[in-house]
Amino acid sequence: MKKRLCHNCLKGENIAKNCSSDINCKHCNRRHHSLLHDGTGDGTQGATSDAPVPSTSAVVQAHQNRPTSSMGNPIQSAVAAIENVPDCEVSVPIPHPKENVFLLTALVRVVDAFGQGHLVRALLDSGSQPDIISERMARQLRLKKTNVDVTIQGAGQLEQSVRESIVAQVKSRNGNFEAEIKFLVMNKVTANLPAHDISIDDWQIPEELALADPGFNKSQRIDMVLGAKHFQSFFPSAVRIHLGEHRPLLVKSVFGWVVTGSALTQPNQPPTPYSVSYSILNVSTVTLEESIERF
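Each residue is numbered by its place in its chain's sequence as written, counting from 1. Local features in a predicted model are, by the rule used here, given only for residues with pLDDT of at least 70; side-chain atom pairs are given and counted only at 80 or more, and totals for whole chains, interfaces and linings are based on all residues. The side-chain numbers reported here are obtained from all heavy atoms of the structure, hydrogens and water having been left aside.

Q: Give me the overall build of the protein chain: which residues, what numbers.
A: The secondary structure content of the protein chain amounts to five helices and 12 strands. The buried label applies to any residue whose accessible area, calculated with a 1.4 Å probe on protein chains only, is under 20% of its type's maximum; exposed applies above 50%, and partly exposed to all values in between. The burial tally for the protein chain puts 37% of its 295 residues in the buried class. It only takes one pair of heavy atoms within 4.5 Å for two residues to be counted as in contact. Long-range contacts, defined here as pairs at least 24 residues apart, represent 57% of the contacts in the protein chain between residues at least 6 apart. Surface summary for the protein chain: the accessible area is close to 19,000 Å², and the carbon and sulfur share equals 51%. Every helix listed is a DSSP run of H or I at least four residues long, and every strand listed is a run of E at least two residues long, numbered separately from the N terminus. All accessibility values rest on the Shrake-Rupley procedure with a 1.4 Å probe; residue burial counts only the protein chains present in the view.

Q: Requested: an account of the nonpolar core, with residues and values cited.
A: Grouped together as the largest cluster of nonpolar side chains are 31 residues, with contacts concentrated most on Val 108, Leu 124, Leu 226 and Phe 255. Of all the elements in the fold, those that place two or more residues in this core are strand E2 (105-111), strand E3 (117-124), helix H3 (135-141), strand E6 (159-171), strand E7 (178-186), strand E8 (224-226) and strand E10 (249-253). Top contributing element to this core by residue count: E7, with four residues. In this structure, Phe 255 is in contact with Ala 106, Val 108, Leu 124, Lys 171, Ser 172, Arg 173, Phe 177, Ala 212, Leu 226 and Phe 234, ignoring residues within four places of it in sequence. We define a nonpolar core as any set of buried Ala, Val, Leu, Ile, Met, Phe, Trp, Tyr and Cys residues linked to one another through side-chain atoms lying within 4.5 Å.

Q: Which residues make up the packing of aromatic side chains, and what values go with them?
A: For any two aromatic rings, the description comes down to two numbers: the centre-to-centre distance and the angle of the planes. Centre distance within 6.5 Å is the pairing criterion for rings of Phe, Tyr and Trp, where only the six-membered ring of Trp is used; planes under 30 degrees apart are then read as stacked, over 60 as edge-to-face, and the remainder as tilted. Scanning all chains against the criterion turns up eight aromatic pairs. Summarising the aromatic geometry, the rings of Phe 177 and Phe 234 are spaced 5.6 Å apart at their centres and angled 80° between planes, so their arrangement reads as edge-to-face. With a gap of 57 residues between them, Phe 177 in the loop between E6 and E7 and Phe 234 in the loop between helix H4 (228-231) and strand E9 (240-242) connect regions that are remote in the sequence. Residue class for Phe 177 comes out buried when judged on its relative accessible area of 11%.

Q: Describe the environment of Val 101, and please don't skip the residues or the numbers.
A: Mapped onto the elements, Val 101 comes out in strand E1 (residues 98-102). Relative accessible area serves as the criterion here: at 54%, Val 101 is assigned to the exposed category. Sequence spacing of Val 101 and Ala 195 is 94 residues, and the spatial spacing of their C-alpha atoms is 9.8 Å. Filtering out sequence-adjacent residues up to four positions away, Val 101 remains in contact with Gly 261 and Ser 262.

Q: Kindly report on the state of the cysteines, identifying the contributing residues and their values.
A: Note that a disulfide, as used here, is simply two cysteine sulfur atoms within 2.5 Å. A full pass over the atoms with the stated rule returns zero disulfides. Left without a disulfide partner, Cys 25 is nearest to the cysteine sulfur of Cys 28, which lies 3.7 Å away. Given a relative accessible area of 2%, Cys 25 falls into the buried group.

Q: Can you explain the side chain of Arg 247? Please cite residues and give values.
A: Note that Arg 247 resides in the loop between E9 and E10. Exposure remark for Arg 247: the relative accessible area of 17% places this residue in the buried category. Looking at Arg 247, its side chain comes within polar contact range of the side chain of Asp 202, at 3.0 Å. Whenever two N or O atoms come within 3.5 Å, that pair is a polar contact, provided that in protein one can donate a hydrogen and the other can accept it, and provided that, for residues adjacent in sequence, both atoms are side-chain atoms.

Q: Summarise the pairing of E3; cite the residues concerned and give the values.
A: In summary, the side chains of a regular strand alternate between the two faces of the sheet. Strands are treated as partners if at least two bridges between them are detected by DSSP. Two elements, E2 and E3, share seven bridges in a ladder whose sense is antiparallel. In the strand pairing of E3, Arg 109 is matched with Leu 119. In sequence, E2 turns back onto E3 through a hairpin of five residues, with Gly 115 there showing a positive phi of about 85°. Two elements, E3 and E8, share three bridges in a ladder whose sense is parallel. Pairing of Ala 122 across the sheet is with Met 224, part of E8.

Q: Summarise the environment of Lys 252; cite the residues concerned and give the values.
A: Take Lys 252: it is sitting in strand E10. Given the relative accessible area of 40%, Lys 252 is considered partly exposed. Along the primary structure Lys 252 and Leu 209 are separated by 43 residues, whereas in three dimensions their C-alpha atoms are 9.5 Å apart. Not counting residues within four places of it along the chain, the set of residues in contact with Lys 252 comprises Phe 235, Ser 237, Val 239 and Trp 257.

Q: Go over the pattern of salt bridges, please, and point to the residues and values.
A: By salt bridge we mean one thing: a side-chain nitrogen of Lys or Arg within 4 Å of a carboxyl oxygen of Asp or Glu. Per the stated rule, a full pass over the model turns up seven salt bridges. One salt bridge connects Arg 139 with Glu 135, and the closest N-O pair in it is separated by 3.6 Å. Here Arg 139 and its partner Glu 135 are both found in helix H3, four residues apart, which amounts to about one turn of the helix. In this structure, Asp 202 engages Arg 247 in a salt bridge whose closest nitrogen and oxygen atoms are separated by 3.0 Å. Remark: Arg 247 occurs in the loop between E9 and E10 and Asp 202 occurs in the loop between E7 and E8; sequence separation between them is 45 residues. Overall, the relative accessible area of 42% leaves Asp 202 in the partly exposed class. Through salt bridges that share partners, Arg 136, Arg 221 and Asp 223 make up one connected network.

Laid out in structure tokens, this is it:
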């Protein structure tokens, strides 16, 4: 069964000059479908493209080996397959710089029960009322423990009970600072800082500066929090160095130059999980009677 299809749209049973479609042949702009353009005799072959333009016979030949329905027409099927390709949108992720905030970390020397010094990675935190040391580090120091009855309240009013404290001697690595500090002993002080390793390959940190924490950009364990009581004594001067746009500051302290502030991670660095570390700690002394009453 043959159908007299329109040579222009290949759909309606009308003639090309009466076709309602506004689309002409893309090769010669005449009133026939682009698939029916044979490029002979009109000088248009190869004029618009280096690739050969398929003729009607080529289209039919290409579809003769494909299964068609009993009512299918090879040319009409080919046209329908081309014209019915759905539009699609492709989402391309555009990398944006990610902000990383550096908290004040320093390597300090803590003297144990035998007079030996231990390097401890500490967080200098003006938002913490108590000075805290991890249980792991307290065991290594083997200093005398004192029983206490203290409740520590953190962000979101989360409470944690503390039952032991120690008194330790804290020194700077260069020996310019020394203080005897009472620490509350907690199982874990805080999460690793920073939350993930941060590349500083393109930073320009003066080599002659002694950093308080040479591994400040590596995610590592924190075993001590030096809180607000002694915080101001860590910074006898206000000397600071700007590392440049979108870079943190270097601030001079008794432990060396500490890194503080925010920096942008370069877009070509691998994505990292987002997390936040904070420490806003208050201490309250609670009696046994008060604890029972609260319960």
